[in-house]
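So you can see what is in the structure, the chains are spelled out below.
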Amino acid sequence: DLEQVVARCEDLAKKSMVVPMDPLPGEAAQKAEAALKAAVARAEEEAANLKDKVHALEAALKTALDSGRASAETLHSVFEHEQQREEKKRLARSQREQEQEEEKRLALSQVNQLHSLRADYDELRSRFRLAQAELRD
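The model shown is predicted, which means the values in this text are computed figures rather than measured ones.

(A) Main features of helix H2 (residues 26–136). Given a rise of 1.5 Å per residue, 111 residues ought to cover 165 Å, and the 162 Å separating the end C-alpha atoms of H2 matches this to within 8%. When H2 is considered as a whole, its buried residues turn out to be Ala39, Ala43, Leu50 and Val54.

Structure, rendered in structure tokens:
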């Protein structure tokens, strides 16, 4: 988190900037000032490095999110395609079943008509024989 990085850098800078209570004579003051400047430079460099790492992580996260979105969209597209394919199969199966039912009804109707015609034929033949028998008598 960028705020944590900034806070850490400020902490490092504060620790590096400890000012002694007693003033130092010339050369020692210069050494202390140089050490302080070096510490500040290290803290700034570390802050810059951490900032670069944060930017790199943000870019990686964005790339991963974009890739994840693309994968999710692809999966969704495949899922929808499979749903449509399954629906088409279901409709085709339903239509075949309806056609088979209609064929069964038609066949049963034809069988019933055949039986009815057979019964009518048998009755007419029976009447014809009776009529023939009456004519002979």
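(B) A look at the pattern of salt bridges. Evaluation of the coordinates by the stated rule reveals 10 salt bridges. Between Glu82 and Arg85 there is a salt bridge; the shortest N-O distance is 2.8 Å. Here Glu82 and its partner Arg85 are both found in helix H2, 3 residues apart, which amounts to about one turn of the helix. With a closest N to O distance of 3.9 Å, Arg85 and Glu86 form a salt bridge. Since its relative accessible area comes to 36%, Arg85 is described here as partly exposed.

(C) Just the environment of Arg42, in detail. With respect to the helices and strands, Arg42 occurs in helix H2. The spacing of Arg42 and Cys9 is 33 residues in sequence and 9.3 Å in space, taken between C-alpha atoms.

What counts as what
Residues numbered from 1 in each chain as written. Predicted model: local features only at pLDDT ≥ 70, side-chain atom pairs only at ≥ 80, totals over all residues. Heavy atoms only, no water. Helix = DSSP H or I, 4+ residues; strand = E, 2+ residues; numbered from the N terminus. Expected span 1.5 Å × (residues − 1). Buried < 20%, exposed > 50% of the residue type's maximum accessible area, 1.4 Å probe, protein only. Salt bridge = Lys/Arg side-chain N within 4 Å of Asp/Glu carboxyl O.

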